[in-house]
Amino acid sequence: MKKTPRDWMLERNGDAQARLDGIRAAALMTERASVLDSLISVFTVQRRAWVALLLIWGLLATLRHATATHDPVPSVAPISIQYMESLANLSPDEAIPPLDHRS
């Protein structure tokens, strides 16, 4: 009996399905990294950038500390008593809201 090319190929590669299944399983298997491994990879890949940022922040903190006056600076300038008295003496017709852009 003479074998056809189809028979010859099936005989030669009969276990191809099992081999392909193994390759598929290996390719689809995902490695799940732990949170610690992920953080380590983030910081080690860009080590130069992280070191540069650390140095810059350290320099800024040092400069801020070195130039601090240690005097409390008010966040809002105090309003003078004369200005408050002049506002109190205005008539209702003279009192214009300071943010009125219509006039």
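Right above here is the structure, for reference.
Structure report, in brief. (Residues numbered from 1 in each chain as written. Predicted model: local features only at pLDDT ≥ 70, side-chain atom pairs only at ≥ 80, totals over all residues. Heavy atoms only, no water.)

## Topic: the overall build of the protein
Within the protein, the secondary structure is distributed over 5 helices and 0 strands. Starting at the N terminus, the α and β elements of the protein follow one another as α-α-α-α-α. Counting across all 103 residues of the protein, residues that qualify as buried make up 1%. (Helix = DSSP H or I, 4+ residues; strand = E, 2+ residues; numbered from the N terminus. Buried < 20%, exposed > 50% of the residue type's maximum accessible area, 1.4 Å probe, protein only.)

## Overview of a nonpolar patch on the surface
Together, Val35, Leu39, Val42, Phe43, Trp50, Leu53, Ile56, Trp57 and Leu60 make up an exposed nonpolar region whose accessible area comes to about 930 Å². At the level of secondary structure, the elements contributing two or more residues to the nonpolar patch comprise helix 3 (35-45) and helix 4 (47-66). In terms of residue count, the dominant contributor to the nonpolar patch is helix 4 (5 residues). Topologically, Val42 is positioned in helix 3. We classify Val42 as partly exposed; its relative accessible area is 45%. (Patch = residues over 30% accessible without salt bridge, like charges linked within 9 Å, V, L, I, M, F, W, Y side chains within 5 Å. Areas by Shrake-Rupley, 256 points an atom, 1.4 Å probe, with all protein chains shown as cover. Salt bridge = Lys/Arg side-chain N within 4 Å of Asp/Glu carboxyl O.)

## Focus: the pattern of salt bridges
Tallied over the entire structure, the rule returns 2 salt bridges. Among the ionic pairs, Asp21 bridges to Arg24, the shortest N-O distance being 2.8 Å. Here the residue Asp21 and the residue Arg24 both occupy positions in helix 2 (residues 16-28), the gap between them amounting to 3 residues, near one helical turn. Relative accessible area serves as the criterion here: at 38%, Asp21 is assigned to the partly exposed category.

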